[in-house]
Every structure is written in structure tokens, then in C-alpha cells.
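An overview of the molecular structure
Spelled out from the first residue to the last, the chains are:
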Amino acid sequence: MITLRGLTKRFGAATAVDNLSLDIEPGRVTGFLGPNGAGKSTTMRMVLGLDRPCAGQALVNGRPYVTLRHPLREVGALLDAKAIHPARSGRSHLLAMARSNGIPTRRVDEVLATVGLDRTAAGKRGRTLSLGMGQRLGIAGALLGDPPVLMFDEPVNGLDPDGVRWIRQLMRSLAAEGRTVFVSSHLMSEMQLTADQLVVIGRGKLIADAPVAEVISASSVTAVRVRSPQPAGLAALAQRLTAATGQVETTGEDELTVTGVSRQQVGDLAYELGVRLHELSVRSASLEEAYLELTADSVEYSGTSARSGGRHA
Ligand SMILES: Nc1ncnc2c1ncn2[C@@H]1O[C@H](COP(=O)(O)OP(=O)(O)OP(=O)(O)O)[C@@H](O)[C@H]1O
């Protein structure tokens with residue numbers, strides 16, 4: 001479990017993390033999303049005691065990182081895959097980590113096997129590691145102490161499709177073992193497949209903390225399509241839906257597209273009015289659409305081309 005309470009970090013006049021309070025629960029994958037510069041890495045660094053909060057607290061299993069006696073056994077993290085000495089082999093890097101945390105040497109070979117690095121790959125020097133090998137080595141380091149809490153900052157960066165799928169399965173299985181898995185990514189399609197819960201931040205502030213399905217269904221891009229062969233009935237239904245705070249658009253001769261009202265509500269209203277329906281279907285937003293809508297006002301750096309969906313700040 002990771003607990004953030006009023007967590008705040010300022011760099012000079014800029015507030016990178018602004019009064020964040022949340023619980024990142026065990027047994028599920030929590031995706032950590034936000035535009036560039038939103039404060040994700042800074043938050044993770046504070047959990048690991050690498051940055052000191054200006055206010056508030058970040059706790060791992062109820063304790064500040066700096067008070068943990070064997071930190072690698074409590075929390076494992078992949079923050080920067082390049083954090084290995086260029087002249088050191090992957091295996092000796094892990095051996096040094098193990099030694100300083102009282103972890104037996106055999107565990108190094110276990111985690112190397114878990115991440116699919118053989119002896120030759122593990123014997124390569126840091127400077128010669130490919131991006132994918134570096135990521136795998138970083139993940140091996142995170143798993144070394146068999147910790148109940150794991151944090152990964154953009155773990156699929158630069159990985160090929162096999163690597164991406166492997167990471168997804170690893171995250172899922174770590175969560176299924178009851179661990180806390182907190183992972184940041186900009187790949188929405190991947191997050192939609194991997195995460196159970198989402199934490200979205202923008203400009204250091206919490207925007208959403210909800211299950212993936214809830215984030216998607218709350219999006220205005222999620223819409224109900226309703227078709228009827230009875231034009232008068234459809235018009236009456238449109239009127240009632242508008243009164244029920246739905247946004248109704250006529251999208252065809254016999255068709256309405258409704259947002260802000262659930263499919264059940266539309267079906268119940270149609271039944272009440274005695275309107276015959278030929279279709280009642282939901283068009284779900286993608287996580288990407290929902291995310292763009294949520295963060296439209298928090299994007300610090302954006303190009304000039306128009307984006308579909310969300311509003312512009
Ligand atoms: N050491 C530092 N000194 C000054 N400013 C910093 C420092 N580290 C981070 N920042 C600033 O804090 C803000 C948050 O940065 P952070 O790297 O945490 O965002 P992020 O959400 O991880 O972004 P990205 O998705 O681009 O990795 C940014 O405005 C960044 O420039």
C-alpha cells in the first residue's frame with residue numbers, strides 16, 4: 001500500500017506536486033496518468049525518498065521510505081532504466097544491490113530468469129545494453145527484494161511488442177499475487193489493458209482516482225444510440241431525455257445519440273412513453289478519449305494540430 005497525504009513539492013516558484021492525497025491499494029494495478037510535466041515522476045521519487053516533500057507525506061506500508069530498514073524488501077522501483085554504471089555488468093549491478101539489502105545471491109539469478117535475461121545478457125556492461133535489456137534489468141532490480149509494493153515509471157518505453165506484452169502480464173501477475181503495483185505510462189491503449197484503477201493528475205493536482213471502467217463511462221464521448229421507427233415517439237423521447245439532463249443529437253432519420261444519460265435510463269423512458277425501439281446500444285469512449293477530455297485543461301505543452309474530443313485550455 002502506498003499512502004499520499006497532502007503531498008506537495010515545489011521547485012522554486014513552480015509547484016510540481018500540489019497537495020496530493022490518495023491510497024494506492026494492493027491487489028490491483030493502478031495506472032498513473034498525466035500530461036508531460038504533471039508531476040508523476042516527482043511523486044514517485046518522493047515515495048522513494050529521492051525528493052523531499054515541501055509538505056505532506058508519502059508512506060510505503062504506513063512508513064516513510066527513509067525509515068525502512070531493508071527498503072528493497074518493502075518497495076521495488078523502476079524509475080530510470082539507465083541507472084546502471086556503464087562499466088558494470090547487469091549481474092554485478094544486481095549483486096551489489098542484493099548485498100546492501102541482505103538479499104541472498106541466489107535471488108539475483110532468480111530475478112534474471114524472471115525477466116528473461118540469460119547469462120550472456122546479464123554479463124554485458126551497462127553501456128552496451130539495449131533499451132529493452134536495460135528495462136528488463138531495471139525490473140529485475142525492482143523484483144530483487146520480493147517486495148509487496150512495486151512502482152514502474154513508463155516501463156514499456158522503447159520496448160518491442162513482445163516486451164510490451166510481457167510487461168503487461170508481469171504487472172497483472174504481480175497484482176494477482178496481492179502486491180501494490182503503481183505504474184505510469186503515456187500509452188493509453190496499454191493502460192486500458194493493464195490497469196484496474198487509474199490515478200490521473202494534471203499540473204500536480206489530482207484529477208481522477210477511479211476504476212478504469214468508471215473513467216471511461218464518465219466520458220462525454222461515451223454515448224447511447226437509440227433508433228425507432230416511430231418519428232413522433234422519438235421526438236417525445238428526445239424531449240424527455242433533454243429534460244433529464246441528457247444531451248441529445250439527431251444523428252439519423254430514425255436515430256438519436258444521447259450523452260449524459262445511461263442506456264438503462266433511455267430504455268426505461270422509452271418504455272414509459274411506449275416508444276418502439278429497434279436499437280439501444282452504447283458506444284464506449286476509449287481510455288484515450290476519456291483521458292484527453294479529463295486533462296484538456298492541464299496540458300502544458302501542446303502542438304498546433306486540433307485534437308479530437310477534449311476541450312482546449
Ligand atoms: N529537479 C528539478 N528541478 C526543477 N524542476 C523540476 C525538477 N524535477 C521536476 N521538475 C519540474 O516539476 C514538474 C513535474 O515534473 P515530473 O518529471 O514529475 O513530471 P512527469 O509527470 O513525470 O512528466 P513526464 O510525463 O514528462 O515524465 C515539471 O514542471 C518539471 O519541470
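Predicted model only: the values in this text are computed from it and were never measured.

The next thing to look at is the pairing of strand β3 (residues 28-33). The side chains of a regular strand alternate between the sheet's two faces. For β3, the tally of buried residues reaches 5 of 6 residues, placing the bulk of the element in the interior. When β3 meets strand β9 (residues 197-202), the two strands line up parallel, connected through 4 bridges. Opposite Phe32, over in β9, you have Val199 as the bridge partner.

Every residue lining the ligand is accounted for by Phe11, Ala14, Ala16, Gly34, Asn36, Gly37, Ala38, Gly39, Lys40, Ser41 and Thr42. Secondary-structure elements contributing two or more residues to the shell around the ligand are β2 (14-24) and α1 (40-47). Examining the composition of the shell around the ligand, we find that 3 residues originate from one element, α1, more than from any other. The class makeup of the residues in the shell around the ligand is 4 nonpolar, 6 polar and 1 charged.

Moving on, we get to the pairing of strand β13 (residues 255-259). A one-sided burial pattern is seen for β13, the buried positions being Leu256 and Val258 and the unburied ones Glu255, Thr257 and Thr259. Alignment of strand β11 (residues 223-227) against β13, held across 4 bridges, turns out to be antiparallel. Residue Val224 lies in a different strand from β13, and its bridge partner there is Val258. Here strand β12 (residues 247-252) pairs with β13 via 5 bridges, running antiparallel. If you follow Thr250 over to β13, its bridge partner there is Leu256.

The strand order β6-β7-β8-β3-β9-β10 describes an open sheet built from 6 strands, whose pairing is mixed. Looking at strand neighbours, the two that pair on one side only are β6 (75-78) and β10 (205-211), the edges of this open sheet. With strand direction ignored, the average angle separating the axes of adjacent strands in the sheet is 15 degrees. On top of the sheet, helix α12 (residues 287-295) reaches β3, β9 and β10; it is set at about 35 degrees to β9, its chief contact.

At a minimum axis distance of 10 Å, the contact between helix α10 (residues 231-243) and helix α11 (residues 263-273) shows a crossing angle of 130 degrees. Taken together, α10 and α11 sit at an angle that is classed as oblique. Relative to α11, the crossing made by α10 is right-handed. Residue-level inspection shows Gly233, Ala236, Leu237, Arg240 and Leu241 of α10 in contact with α11, the latter providing Val266, Leu269, Ala270 and Leu273. In terms of residue class, the contact of α10 with α11 is made up of 7 nonpolar, 1 polar and 1 charged.

Among the structural elements, Glu154 can be located in the loop between β7 (149-153) and α7 (161-176). Put simply, Glu154 and Thr30 are 124 residues apart on the chain and 13 Å apart in space, counted from C-alpha to C-alpha.

Moving on: the domain arrangement of the chain. Here the chain is described as being made up of domain 1 (2-210) and domain 2 (223-283). On a C-alpha basis, the centroid separation for the pair domain 1 and domain 2 is 46 Å.

Turning our eyes to something else, we now look at α11. For an α-helix, the turn length of 3.6 residues means that residues three or four places apart are oriented alike. Taken residue by residue, α11 has Val266, Leu269 and Ala270 as its buried positions. All buried residues of α11 fall inside an arc of 100 degrees around its axis, so they share one side. Among the exposed residues of α11, those oriented more than 90 degrees off its buried face are Gln264, Asp268, Tyr271 and Glu272. Buried residues belonging to α11 abut β11, α10, β13 and β14 (279-283). Phi turns positive, to about 70 degrees, at Gly274, one or two residues after α11.

Cut-offs and rules
Residues numbered from 1 in each chain as written. Predicted model: local features only at pLDDT ≥ 70, side-chain atom pairs only at ≥ 80, totals over all residues. Buried ≥ 20, exposed ≤ 12 C-beta atoms within 10 Å, placed from the backbone. Helix = DSSP H or I, 4+ residues; strand = E, 2+ residues; numbered from the N terminus. Pairing = 2+ DSSP bridges. Near = placed C-beta within 6 Å. Nonpolar A, V, L, I, M, F, W, Y, C, P; charged D, E, K, R; others polar. Axes fitted to C-alpha atoms, helices over the stretch in contact; angles between N-to-C directions. Contact = placed C-beta atoms within 7 Å. Parallel < 35°, antiparallel > 145°, perpendicular 65-115°, else oblique. Left-handed = near helix turned anticlockwise from the far one by under 90°. Domains from an automatic or database assignment. Arc of directions from axis to C-beta.

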